[in-house]
Amino acid sequence: METLFEASGAEVLRQQDAAHRPISPGLPLAKRVDAYCRQRARLLQLIAPSARAAQMREPVSEQLHRNRLKHIERVRDEVEELFAVELAEAGAGREQLLNALVVASTWQAWSMLRYGLGLGVDQARAVMARTVGALLAEVVPD
């Protein structure tokens, strides 16, 4: 089963790579937040079936746990690249801001919005954008 989970995890990453479109870090903050959250919503919907299935088996599967950590690492890398200026401006609060942005952008948060709160895709994306925007607005100089 672990070999199957490894192969299916690699396939999900391949699908995400094929669907991912780079977002320019040079865009104004509001446009970056909007583009990022639209793309995250699309990618999270893409992985929804496999993520929901993996959630049930992850407590007993090291491979599923590793697969989830790969997804989190990829989100973290994208956030660090796309919002580098704002993260730098956060100073000593950089790591906390980075962690908050990652949490707001991952499957667990999306799952809560979609299945816990019962929001539609557009509503869930709007909540994500509001959260990401609010977190970043705290560090943007007036």
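What this report covers is the structure whose coordinates are included nearby.

Rules used throughout
Residues numbered from 1 in each chain as written. Predicted model: local features only at pLDDT ≥ 70, side-chain atom pairs only at ≥ 80, totals over all residues. Heavy atoms only, no water. Helix = DSSP H or I, 4+ residues; strand = E, 2+ residues; numbered from the N terminus. Contact = heavy atoms within 4.5 Å. Core = buried A, V, L, I, M, F, W, Y, C linked by side-chain atoms within 4.5 Å. Buried < 20%, exposed > 50% of the residue type's maximum accessible area, 1.4 Å probe, protein only. Salt bridge = Lys/Arg side-chain N within 4 Å of Asp/Glu carboxyl O.

Our next topic: the environment of Ser111. Among the structural elements, Ser111 can be located in helix 6 (residues 107-116). For the pair Ser111 and Arg21, spaced 90 residues apart in sequence, the C-alpha to C-alpha distance is 22 Å. Among residues more than four places away in sequence, those in contact with Ser111 are Gln55 and Gly116.

Here we come to the nonpolar core. Formed by 32 residues in total, the largest nonpolar core has its most connected members in Tyr36, Val79, Phe83, Leu97, Leu101, Trp110 and Val132. Residue assignment for this core shows that the elements contributing at least two residues are helix 2 (29-57), helix 3 (62-82), helix 5 (94-105), helix 6 and helix 7 (121-137). Here this core takes eight residues from helix 2, the largest share from any one element. Apart from the residues within four sequence positions on either side, Val132 is in contact with Val33, Cys37, Phe83, Leu101, Ala104 and Ser105.

What the rule picks out here adds up to seven salt bridges. Where Arg68 meets Glu58, a salt bridge forms, and the shortest distance between an N and an O atom there is 2.7 Å. Taken together, the residues Arg68 in helix 3 and Glu58 in the loop between helix 2 and helix 3 connect sequence positions ten residues apart. Note on Arg68: relative accessible area 26%, which makes it partly exposed. Glu80 is the partner of Arg94 in a salt bridge, and the nearest nitrogen-oxygen pair spans 3.1 Å. Residue Arg94 is located in helix 5, and its partner Glu80 is located in helix 3; the two are separated by 14 residues in the primary sequence.

Structural measurements only, silent on function.
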